Amino acid sequence: MSKPQSGTSKHNTSEADSSTQPSACMQCETSETQTGQSPKQVIQPHKKALLNRLSRVQGQVNGVSQMIENDRYCVDIITQISAIRSALDAVSRQLLDDHVKGCVRRAVLDDNTDEVMDELLTLIKKMR
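Looking at an unreviewed UniProt entry, one finds the chain named Copper-sensing transcriptional repressor CsoR, with Acinetobacter soli NIPH 2899 as its source organism. The record held by UniProt for the chain lists under Sequence similarities (unreviewed entry) the comment "Belongs to the FrmR/RcnR family."

Enquirer: Where do I start with unusual backbone geometry in this structure?
Expert: The phi angle of most residues is negative, glycine excepted, and most peptide bonds adopt the trans form. A positive phi angle, close to 55°, is found at Asp71, a residue other than glycine. Backbone geometry at Asp111 places phi at a positive 60°, although glycine is not the residue there.

Enquirer: Before we go on, may I ask you to explain the packing of helix 2 (residues 74-109) against helix 3 (residues 113-127) in this structure?
Expert: Helix-helix packing is characterised by the crossing angle of the two axes and by the distance between the axes. Packing of helix 2 against helix 3 brings their axes to within 10 Å, and their N-to-C directions diverge by 170°. As summarised for this structure, helix 2 and helix 3 are arranged roughly antiparallel, according to the angle between their axes. Of helix 3, the residues touching helix 2 (which contributes Ser92, Arg93, Leu96, His99, Val100, Val104, Ala107 and Val108) are Thr113, Val116, Met117, Glu119, Leu120, Leu123, Ile124 and Met127. Looking at the contact of helix 2 with helix 3 residue by residue, the class counts come to eleven nonpolar, three polar and two charged.

Enquirer: For this particular structure, what's the right way to read helix 1 (residues 47-69)?
Expert: A turn of α-helix holds 3.6 residues, and therefore any two residues three or four places apart point the same way. For helix 1, built from 23 residues, the straight-helix expectation of 33 Å at 1.5 Å per residue is met to within 8% by its first-to-last C-alpha distance of 33 Å. When we look at burial in helix 1, the residues that qualify are Leu50, Val57, Val64 and Met67. A positive phi of about 55° marks Asp71, the residue just after helix 1.

The rules we used
- Counting restarts for each chain, with residues numbered from 1 along the sequence as it is written.
- Given that this is a predicted model, residues contribute local features only at a pLDDT of at least 70 and side-chain atom pairs are listed and counted only at 80 or more, while totals for whole chains, interfaces and linings are drawn from all residues.
- The basis for every side-chain value is the complete set of non-hydrogen atoms in the structure, without hydrogens or water.
- UniProt positions are given in the numbering used here, feature names are shortened, and annotations may be inferred rather than shown by experiment.
- Every angle, taken between N-to-C directions, lies between 0 and 180 degrees, and every axis is a line fitted to C-alpha atoms, over only the stretch in contact when it is a helix.
- Runs of H or I in DSSP of at least four residues are treated as helices and runs of E of at least two as strands, each being numbered from the N terminus.
- Between 65 and 115 degrees an angle is taken as roughly perpendicular, under 35 as roughly parallel, over 145 as roughly antiparallel, and anywhere else as oblique.
- Contact criterion: two residues are considered in contact whenever any of their non-hydrogen atoms come within 4.5 Å of each other.
- Throughout, the ten residues Ala, Val, Leu, Ile, Met, Phe, Trp, Tyr, Cys and Pro are labelled nonpolar, Asp, Glu, Lys and Arg are labelled charged, and all others, Gly among them, are labelled polar.
- One less than the residue count of a helix, multiplied by 1.5 Å, gives the span that helix is expected to have.
- Using a 1.4 Å probe on the protein chains alone, a residue whose accessible area is under 20% of its type maximum counts as buried, one over 50% counts as exposed, and one in between counts as partly exposed.

Now the structure itself:
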C-alpha cells in the first residue's frame, strides 16, 4: 500500500495554505488489503493530537493494572476506567468529526451519498 501524499488531496476542505492544521480528512484512497480491514486509507488531519491522547490512555490503562495488582479500592479503579472510556470517546468523536467534514462531505459533493450515509449511520450505531 502506498501512503497518500497530502499534495494530491481530493478530500481536503481547506487550501494548501492551512497545512499546519487541516480541518478534515485529507484523502480517502482505495487499495487492496489482506487483513480484512477496510480498503480505504485516510491522512488523519489531527494525527499528532490523537496519538498523544491514545498514549495518555495507554498510561491510564497501565495505571489501572497497577491499581488492581496493588489491591486498590474498587471505586478508585472504576473511576479510572470511566476516565479511560471518556478519553477514548473523545478520540472517536474527533475521528468522526474529521470523517464527516472530509470524506462524507466529499461523497455528498460527488453525489455518492447512499453508500456513505449507510456507512455513517452504521458507524454512529457502533459508537453508542
